[in-house]
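Chain residues, written in single-letter form:
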Amino acid sequence: MRKKQLIAGNWKMNGGLAANQILIDALLQGMGSPACDVALCVPAPYFSQVQALLSGTSTALGAQDVSAQLQGAFTGEQSVSMLCDFGVRYAIVGHSERRQLHGETDELVAAKASAVLGKGITPIVCVGETLAQREAGHTEAVVKHQLAAVIHANGHCISEIVVAYEPVWAIGTGVTASPDQAQAVHAMLRAQLRHAASEHANDIRIIYGGSMNAANAGELLAQADIDGGLIGGASLKAPDFLKIIAAAC
Ligand code: 13P
């Protein structure tokens, strides 16, 4: 039996004290009791504010990144225990913006997943190919290689992860993978997970990210192997994010 769908907002480097309050008030008012799981992955300086705003609700607080190191001389980084201090339940690891702009390798992403799993936080492990890689026919090899590193490092608790398929060419571009394109990659990832964790593969959520919006969410979320969404731009607009949540539920 598949888990509930997960709709996670990735605010990226957006927000402000006043704007966060307005957005979250509108979300909580409009959401009622959703049948799917909902998370907000917010910039670290707002953990405290958002934790307070979400307290007593079913919406979870998420982080956008985490250090693989536990503590020490790592200027600018946040450790897993710092995330725990604020009740963070999900941490995105390996977002393509981190891989591309900060040179994060598959091995580092796997180490970050291990670090959060060790403290009971669910990693949302992002994988995805660039346009050039898709056009060269390398999509399957690229996403499988990215996921393999995480499976290799975390085989014993692989059922605790969430995988996010985010084709790089669809992120922030307004170009979405078609439901068939997304489903095909999700099915490949599911098969890889089945190989690694046969009895748990159907329980592992594989969510889609990349220009998901209120208009296209329903069709994407209806695909057999799409178990939710990781939403960038549309998560900053309460009416749009609420429509996506409704489509998942
Ligand atoms: P957009 O929804 O803005 O394309 O961003 C997707 C994303 O990168 C979520 O992590």
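Use the structure listed above.
This section reports on the structure supplied with the text. Throughout this document, residue positions are counted from 1 along each chain, in the order its sequence is written. Totals for whole chains, interfaces and linings use all residues, but because this is a predicted model, local features are given only for residues with pLDDT of at least 70 and pairs of side-chain atoms are given and counted only at 80 or more. Hydrogens and water are ignored here; the side-chain numbers use all heavy atoms of the structure.

Quick notes on the site of the ligand
Then, number 1: Proximity criterion: a residue is near a molecule or strand once any of its heavy atoms comes within 4 Å of it. In the vicinity of the ligand, the contacting residues are Asn10, Lys12, His95, Glu166, Ala170, Ile171, Gly172, Gly210, Ser211, Leu230, Gly232 and Gly233.
Then, number 2: Pairing of N or O atoms within 3.5 Å defines a polar contact, subject to two protein rules: one partner must be a possible hydrogen donor and the other a possible acceptor, and residues neighboring in sequence count only if both atoms are side-chain atoms. Gly172 places a polar main-chain atom, nitrogen or oxygen, 2.6 Å from an oxygen atom of the ligand.
Then, number 3: In this structure, an oxygen atom belonging to the ligand sits 2.9 Å away from a main-chain N or O atom of Gly232.
Then, number 4: Using a 1.4 Å probe, the Shrake-Rupley method yields the accessible areas, and only the shown protein chains count as cover for residues. Protein contact buries 94% of the 310 Å² of open area that the ligand shows by itself.
Then, number 5: Any residue that is not Ala, Val, Leu, Ile, Met, Phe, Trp, Tyr, Cys, Pro, Asp, Glu, Lys or Arg is counted as polar, Gly included; the first ten are nonpolar and the last four charged. Broken down by class, the residue content of the shell around the ligand amounts to three nonpolar, seven polar and two charged.

Looking at the packing of aromatic side chains
Two descriptors summarise a pair of aromatic rings, namely the distance from one centre to the other and the angle between the planes of the rings.
Then, number 1: We call Phe, Tyr and Trp rings a pair once their centres come within 6.5 Å, taking the six-membered ring for Trp, and we label the pair stacked below 30 degrees between planes, edge-to-face above 60, and tilted otherwise. Enumeration according to the criterion identifies two aromatic pairs in this entry.
Then, number 2: Here Phe47 and Phe86 contribute two aromatic rings whose centre-to-centre distance is 6.1 Å and whose plane-to-plane angle is 45°, an arrangement assigned as tilted. A residue pair is termed long-range when its members are at least 10 positions apart, and Phe47 in helix 2 (residues 47-54) and Phe86 in the loop between helix 3 (80-85) and strand 4 (90-93) qualify at 39 residues.
Then, number 3: Classification of Phe47 as buried rests on a relative accessible area of 5%. Helix and strand assignments come from DSSP, with helices taken as H or I runs of at least 4 residues and strands as E runs of at least 2, each series counted from the N terminus. Residue burial is assigned from relative accessible area. The probe radius is 1.4 Å, only protein chains are included, and a residue is buried under 20% of its type maximum, exposed over 50%, and partly exposed in between.

A closer look at unusual backbone geometry
Most peptide bonds take the trans configuration, and most residues that are not glycine carry a negative phi.
Then, number 1: A positive phi angle is found at Lys12, which is not glycine, with a value near 55°.
Then, number 2: In this fold, Lys12 is placed in the loop between strand 1 (6-10) and helix 1 (17-31).
Then, number 3: For Ser211, which is not glycine, the phi torsion reads 55° and is therefore positive.
Then, number 4: Residue position: Ser211 is located in the loop between strand 7 (205-209) and helix 9 (217-221).

Thoughts on the packing of helix 7 (residues 139-154) against helix 8 (residues 179-196)
Then, number 1: To obtain an axis, a line is fitted to C-alpha atoms, over the contacting stretch when the element is a helix, and the angle between two such axes runs from 0 to 180 degrees between their N-to-C directions. In the contact formed by helix 7 and helix 8, the axes pass within 10 Å of each other and the chain directions differ by 35°. For the pair helix 7 and helix 8, the crossing hand works out as right-handed. Residues Thr139, Glu140, Val143, Lys144, Leu147, Ala148 and Ile151 of helix 7 touch helix 8, and the partners they reach there are Val185, Met188, Leu189, Gln192, Leu193 and Ala196.
Then, number 2: Of the residues belonging to the contact of helix 7 with helix 8, the class tally is nine nonpolar, two polar and two charged. In a left-handed crossing the near helix is turned counterclockwise from the far helix by less than a right angle, and in a right-handed crossing that turn is clockwise. By definition in these notes, contact holds between two residues if any of their heavy atoms fall within 4.5 Å.

With respect to the pairing of strand 7
Then, number 1: With five of its five residues buried, strand 7 lies for the most part within the structure.
Then, number 2: Burial along strand 7 is two-sided: the residues Arg205, Ile207 and Gly209 and Ile206 and Tyr208 are all buried.
Then, number 3: At least two DSSP bridges between two strands are needed for those strands to be called paired. Here strand 6 (residues 162-165) runs beside strand 7; their pairing, made up of four bridges, is parallel. Bridging from a neighbouring strand, Val162 pairs with Arg205 of strand 7.
Then, number 4: A clockwise course of the path from the first strand over the helix to the second, judged with the strands pointing away from the viewer, identifies a crossover as right-handed. Once the chain exits strand 6 it traverses helix 8 before rejoining the sheet at strand 7, and the crossover so formed is right-handed.
Then, number 5: Taken together, the two bridges between strand 7 and strand 8 (residues 228-231) define a ladder with parallel strand orientation.

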